[in-house]
Amino acid sequence: MDARSPMRANAPSLEERARRIRRHALRMGEVQGQGYIAQALGVADVLAVSWFHALRYRPEDPGWEGRDRFLLSIGHYAIALYAALIEAGVIPEAEIETYGTDDSRLPMSGMASYTPGMEISGGSLGIGLGIAVGKALGLKRKGGDRFVYNLMSDGELDEGPVWEAAMSAGHWQLGNLINIVDVNRMQADGVSTGVMNFEPLAPKWEAFGWHVQRVDGNDIPALVRAFDAARDVAAPKPRIIICDTRMAKGVPFLEAREKAHFLRVEPHEWALAIAALDEGRVA
Ligand SMILES: Cc1ncc(C[n+]2csc(CCOP(=O)(O)OP(=O)(O)O)c2C)c(N)n1
Ligand SMILES: [Mg+2]
């Protein structure tokens, strides 16, 4: 997986990768009886395309210098990235059972010193993009063709440092920076645009000098096209993919539940959710 290459014959489809990422996340949620599961289910398609289409990495050597960097700015989404890292073979599947327990490599908030593949500690929101700008600038100066991806949330758009980072990325013409925003329309205090209206988003990023795309973040073919375009565009501009996602996507009875930052899941419902996903298994 250390070169971007067409999918190997017999490799699971991206849809199946996304299903498995959702399943790993649900299994971790069941271990603790909690977890940011609506977020993980919603962003699973974005992670599947990131980790099984776009990124270069070596599962057995997560610190490989030639890797593309994938920064999780949103520490509370750690359960989602762990699920992708497990599917990618960076973390053994057996560690699901340790999620959130003492001495686990999978703490409930993402911490770089604990987990292979976790590039930064993103618990304090709004800082990931600034770190990504620094990394992209450093890699650009070193030369080479590595990309820095940053995954952030719509709630983070309320944070001032995001816009300072956005402005500096345009200034430095960081064509090796790809920012992904998970617009799930929810944050801790309620509906995101009700807390702080960040729309219209695309013109704001364009004004800061970015190449902008906005896609349905649960449409895998659309995501593939957007990630390819973000990589291939010739202009020396940082790139952003604004992904509109649906919380709890993939588990119908959770999708139907009233959306909240903490989605309520009853103890018996974890197994039901996994069964619902298994019914939707794809080739
Ligand atoms: C600087 C900072 N302020 C506040 C918090 C507390 N906090 C944790 S998650 C969260 C919601 C952020 O919005 P978003 O990530 O869009 O929420 P979600 O989509 O997960 O509901 C907040 C305010 C934090 N972690 N860091
Ligand atoms: Mg949100």
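A quick note: this is a predicted structure, and the numbers were derived from the prediction, not measured.

Rules of the game
- Residues numbered from 1 in each chain as written.
- Chains lettered and ligands numbered in written order.
- Predicted model: local features only at pLDDT ≥ 70, side-chain atom pairs only at ≥ 80, totals over all residues.
- Heavy atoms only, no water.
- Axes fitted to C-alpha atoms, helices over the stretch in contact; angles between N-to-C directions.
- Helix = DSSP H or I, 4+ residues; strand = E, 2+ residues; numbered from the N terminus.
- Parallel < 35°, antiparallel > 145°, perpendicular 65-115°, else oblique.
- Contact = heavy atoms within 4.5 Å.
- Nonpolar A, V, L, I, M, F, W, Y, C, P; charged D, E, K, R; others polar.
- Buried < 20%, exposed > 50% of the residue type's maximum accessible area, 1.4 Å probe, protein only.
- Donors = N, O, S within 2.8 Å, 3.2 Å for Na, K, Ca; no water.
- 1 Å grid on protein atoms, 1.4 Å probe; cavity = no way out; pocket = protein on both sides within 12 Å on 5 of 7 lines; lining within 4 Å.
- Points joined across faces, edges and corners; volume = space filled by probe spheres on them.
- Salt bridge = Lys/Arg side-chain N within 4 Å of Asp/Glu carboxyl O.
- Phe/Tyr/Trp six-rings, centres within 6.5 Å; stacked < 30°, edge-to-face > 60°.
- Lys NZ or Arg CZ within 6 Å of the ring centre and 35° of its normal.
- Near = heavy atom within 4 Å.
- Polar contact = N/O pair within 3.5 Å; in protein donor to acceptor, adjacent residues only side chain to side chain.
- Areas by Shrake-Rupley, 256 points an atom, 1.4 Å probe, with all protein chains shown as cover.
- Pairing = 2+ DSSP bridges.
- Right-handed = clockwise from strand over helix to strand, strands pointing away.

Novice: Any chance you could explain the packing of helix H1 (residues 14–32) against helix H10 (residues 269–279) here in plain terms?
Specialist: Between two packed helices, what matters for the description is the angle formed by their axes and the separation of those axes. Two numbers describe how H1 lies on H10: the axes approach to 9 Å, and their chain directions differ by 170°. It follows from the interaxial angle that H1 and H10 lie roughly antiparallel. Only Trp270, Ala271, Ala273, Ile274, Leu277 and Asp278 of H10 make contact with H1, whose side of the interface consists of Arg19, Arg22, Arg23, Leu26, Arg27, Gly29 and Glu30. In the contact of H1 with H10, the residues fall into six nonpolar, one polar and six charged.

Novice: Help me understand unusual backbone geometry, please; the structure alone is not making it clear to me.
Specialist: Leave glycine aside and you will find that most residues have negative phi; peptide bonds, for their part, are mostly trans. A cis amide bond links glutamate 199 with the next residue in sequence, proline 200, at an omega value of -5°. Among the secondary structure elements, proline 200 is positioned in the loop between helix H6 (192–195) and helix H7 (201–207). For glutamine 173, which is not glycine, the phi dihedral falls at a positive 50°. Tracing the sequence through the fold places glutamine 173 in the loop between helix H5 (160–171) and strand E3 (177–183). Using a relative accessible area of 42% as the deciding quantity, one classes glutamine 173 as partly exposed.

Novice: How should the coordination of the magnesium ion (ligand 2) be read in this particular structure?
Specialist: Note on metal sites: the ideal angle is 109.5 degrees for four tetrahedral donors, and 90 or 180 degrees for six octahedral donors. Here the magnesium ion (ligand 2) is held by the protein donor atoms Asp154 (OD), Asn184 (OD1) and Met186 (O), which lie 2.1 to 2.2 Å from it. Sequence spacing of the donors to the magnesium ion (ligand 2): D-x29-N-x1-M.

Novice: Explanation requested: empty space enclosed by the protein in the structure shown.
Specialist: Gaps left between atoms are located by rolling a probe of water-molecule size over the structure's atoms. Counting across every chain of the model gives one cavity of 30 Å³ or more. Computed from the structure, the largest cavity encloses a volume of approximately 100 Å³. Lining the largest cavity are Trp51, Leu55, Arg56, Tyr57, Arg58, Pro62, Arg67, Asp68, Phe70, Val90, Gly117 and Glu119. Of the residues contributing to the lining of the largest cavity, the split by class is six nonpolar, one polar and five charged.

Novice: When you look at the pattern of salt bridges in this model, what are you seeing that I'm missing?
Specialist: Two side chains with opposite charge may pair up if their charged atoms get near one another. Tallying each qualifying case throughout the model produces 24 salt bridges. One salt bridge in this structure joins glutamate 16 and arginine 20, with 3.1 Å as the shortest N-O distance. Placement of both glutamate 16 and arginine 20 in helix H1 is noted, with a separation of four residues, approximately one turn of the helix. A relative accessible area of 2% means that glutamate 16 is categorised as buried. Under the relative-accessibility criterion, arginine 20 is labelled partly exposed at 26%. Between arginine 214 and glutamate 199 there is a salt bridge, and its shortest N-O distance comes to 3.0 Å. Linking arginine 214 in strand E6 (residues 211–216) with glutamate 199 in the loop between H6 and H7, this pair joins segments that are 15 residues apart in sequence.

Novice: Quick question: what am I supposed to make of the packing of aromatic side chains here?
Specialist: All chains considered together, the criterion is met by nine aromatic pairs. Between the aromatic rings of tyrosine 149 and phenylalanine 227, the centroid separation amounts to 6.2 Å while the plane-to-plane angle is 15°, which identifies the pairing as stacked. A residue pair is termed long-range when its members are at least 10 positions apart, and tyrosine 149 in strand E2 (residues 148–153) and phenylalanine 227 in helix H8 (residues 220–232) qualify at 78 residues. One exposure class covers both tyrosine 149 and phenylalanine 227, and it is buried. Measuring from ring centre to ring centre gives 4.9 Å for tryptophan 163 and tryptophan 205, while their planes differ by 40°; the resulting arrangement is tilted. One end of the pair, tryptophan 163, is in helix H5; the other, tryptophan 205, is in helix H7, with 42 residues separating them in the sequence. With a relative accessible area of 18%, tryptophan 163 lands in the buried category. With a relative accessible area of 0%, tryptophan 205 lands in the buried category. Through pairs of rings, three or more aromatic residues link up here, namely Trp163, Trp205, Phe208 and Trp210. For the cation-ring pair, arginine 141 lies above tryptophan 172, with the distance from its terminal atom to the ring centre recorded as 5.4 Å.

Novice: What is the right way to read the site of ligand 1 from this model?
Specialist: Around ligand 1, a shell composed of 15 residues is seen, among which Gln39, Ser153, Asp154, Asn184 and His261 lie nearest. Glycine 123 places a main-chain nitrogen or oxygen 2.9 Å from a nitrogen atom of ligand 1. Asparagine 184 places a polar side-chain atom, nitrogen or oxygen, 2.8 Å from an oxygen atom of ligand 1. Its free accessible area being 590 Å², ligand 1 has 73% of it covered by the protein chains.

Novice: How do you make sense of the pairing of strand E7 (residues 239–244) when you look at a structure like this?
Specialist: The side chains of a regular strand alternate, first on one face of the sheet and then on the other. Burial analysis of E7 places five of its six residues in the buried class, the great majority of the element. Bridge count between E3 and E7: six bridges; the pairing is parallel. If you follow valine 183 over to E7, its bridge partner there is aspartate 244. Pairing analysis gives six bridges linking E6 to E7, with the strands arranged parallel. Looking across to E7, one finds that glutamine 213 is bridged to isoleucine 241. Of the crossover connections in this fold, the one passing from E6 over H8 to the parallel E7 is right-handed.

Read these as geometric descriptors, not functional statements.
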